[in-house]
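Structural features, examined
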Amino acid sequence: AQSVTQLGSHVSVSEGALVLLRCNYSSSVPPYLFWYVQYPNQGLQLLLKYTSAATLVKGINGFEAEFKKSETSFHLTKPSAHMSDAAEYFCAVSDGGGSYIPTFGRGTSLIVHP
Amino acid sequence: GAGVSQSPSNKVTEKGKDVELRCDPISGHTALYWYRQSLGQGLEFLIYFQGNSAPDKSGLPSDRFSAERTGGSVSTLTIQRTQQEDSAVYLCASSLVFNNEQFFGPGTRLTVL
């Protein structure tokens, strides 16, 4: 069985500040991990993914995430927030080898203040 | 190239009516997923199609929900005798199954009055 927990339904930062969105997962096998972003009235768009290669994954729009097996975490970061980063962010896990049905977290809404 | 498309973008219906939601996946993607997204909730998995295999229907919330995928491409999600709790955004995604990276459509917003 697999599960995802995103800590904080809302995260508020000032423009230019560090963005940190937390994701913890549970998986019985080495996981595939994903971060997706959803802008208002749009579908989800892949930001980055981890599939057992490098533990530090770089994605689009300056985002990156680090896979930490010991902490079962895959937190998303960006050094400097931009107003355009305001959106809903979803972490997802799949077991990669068996079920191809990812499990999504409940999402974290990122609010960026000027 | 063309992404995943869904139609209609918005659907308002009366309680008890049937609705059909359509998804056109990216050409060549063998896997297709339907999800439901309610306000403040994450994505609720509904059904998964992979090639010619029997679909995984484990997420369908009731027998009022059904889906089919014709010719390994277009998919239709049907909700019979709609209820107000069916109101949500229905998202479709497709992928090349072995990398699990999903490409999402813009969704259909369903409102049941």
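Everything here concerns the structure above.
A quick note: this is a predicted structure, and the numbers were derived from the prediction, not measured. (Residues numbered from 1 in each chain as written. Chains lettered and ligands numbered in written order. Predicted model: local features only at pLDDT ≥ 70, side-chain atom pairs only at ≥ 80, totals over all residues. Heavy atoms only, no water.)

**Some remarks on the overall build of chain B**
- Within chain B one finds zero helices and 10 strands.
- Across chain B, helices and strands are ordered from the amino to the carboxyl terminus as β-β-β-β-β-β-β-β-β-β.
- The C-alpha atoms of chain B give a radius of gyration of 13 Å, which matches the 13 Å a tight globule of 113 residues would have.
- Considered along the principal axes of its C-alpha atoms, chain B spans approximately 40 × 25 × 25 Å.
- The burial tally for chain B puts 49% of its 113 residues in the buried class.
- Once local pairs closer than 6 in sequence are excluded, the contacts in chain B between residues at least 24 apart make up 54%.
- About 5400 Å² of surface is accessible on chain B, with carbon and sulfur atoms providing 47% of the total.
- Distance between charge centroids for chain B: 4 Å, based on 10 positive and 11 negative side chains. (Helix = DSSP H or I, 4+ residues; strand = E, 2+ residues; numbered from the N terminus. Rg over C-alpha atoms; globule rule 2.2 N^0.38 Å. Buried < 20%, exposed > 50% of the residue type's maximum accessible area, 1.4 Å probe, protein only. Contact = heavy atoms within 4.5 Å. Areas by Shrake-Rupley, 256 points an atom, 1.4 Å probe, with all protein chains shown as cover. Lys, Arg positive; Asp, Glu negative; His and termini not counted. Charge placed at Lys NZ, Arg CZ, Asp CG, Glu CD.)

**Some words on the pattern of salt bridges**
- Scanning the entire structure with this criterion turns up six salt bridges over all chains.
- The partner of lysine 58 of chain A in a salt bridge is glutamate 64 of chain A, with the nearest N and O atoms 2.8 Å apart.
- Here lysine 58 of chain A falls in the exposed class, since its relative accessible area comes to 62%.
- For aspartate 86 of chain B, the salt bridge identified is with arginine 64 of chain B, shortest N-O distance 2.8 Å. Here aspartate 86 of chain B, found in the loop between strand S7 (75-79) and strand S8 (88-95), pairs with arginine 64 of chain B, found in the loop between strand S5 (43-50) and strand S6 (65-69); they are 22 residues apart in sequence, far enough to count as distant. Like aspartate 86 of chain B, the residue arginine 64 of chain B is buried in the burial classification. (Salt bridge = Lys/Arg side-chain N within 4 Å of Asp/Glu carboxyl O.)

**Observations regarding the side chain of threonine 108 of chain A**
All names here are of chain A.
- Looking at the element boundaries, threonine 108 is found in strand S11 (residues 108-113).
- Under the relative-accessibility criterion, threonine 108 is labelled buried at 0%.
- Reaching out from threonine 108, the side chain makes a polar contact with the side chain of glutamine 6 at a distance of 3.3 Å.
- A polar atom in the side chain of threonine 108 sits 2.9 Å from the backbone oxygen of glycine 8.
- Excluding its chain neighbours within four sequence positions, the residues that come into contact with threonine 108 are Gln6, Leu7, Gly8, Ser9, His10, Val11, Leu21, Ala87, Glu88 and Tyr89. (Polar contact = N/O pair within 3.5 Å; in protein donor to acceptor, adjacent residues only side chain to side chain.)

**Points about the state of the cysteines**
Residues and elements named next belong to chain A.
- Counted according to the given criterion, the structure contains two disulfides over all chains.
- With a sulfur-sulfur separation of 1.9 Å, cysteine 23 is cross-linked through a disulfide to cysteine 91. Judged by the sign of its S-S torsion, about -65°, the cystine formed by cysteine 23 and cysteine 91 is left-handed. Of this pair, cysteine 23 sits in strand S3 (residues 19-26) while cysteine 91 sits in strand S9 (residues 87-94), and the two are 68 residues apart along the sequence.
- Residue cysteine 91 is classed as buried on the basis of its relative accessible area, which comes to 0%. (Disulfide = S-S within 2.5 Å.)

**Here we look at the environment of arginine 69 of chain B**
Residues and elements named next belong to chain B.
- Relative to the helices and strands, arginine 69 is located in strand S6.
- C-alpha separation for the pair arginine 69 and threonine 30, spaced 39 residues apart in sequence, amounts to 11 Å.
- Not counting residues up to four positions away in its chain, the partners in contact with arginine 69 are Pro25, His29, Thr30, Ala31, Leu32, Phe49, Gly51, Val74 and Ser75.
- A distance of 3.0 Å separates a polar atom in the side chain of arginine 69 from the backbone oxygen of histidine 29.

**Description of the pairing of S9 of chain A**
Residues and elements named next belong to chain A.
- Within S9, seven of the eight residues are buried, which leaves the element mostly enclosed by the surrounding structure.
- Here seven bridges tie strand S4 (residues 32-38) to S9, and the two strands are oriented antiparallel to one another. Each bridged residue has a counterpart across the sheet, and for valine 37 the counterpart in S9 is tyrosine 89.
- With two bridges connecting them, S9 and strand S10 (residues 103-104) associate as antiparallel partners. Pairing of alanine 92 across the sheet is with phenylalanine 104, part of S10. (Pairing = 2+ DSSP bridges.)

All we've got here are geometric facts, nothing functional implied.
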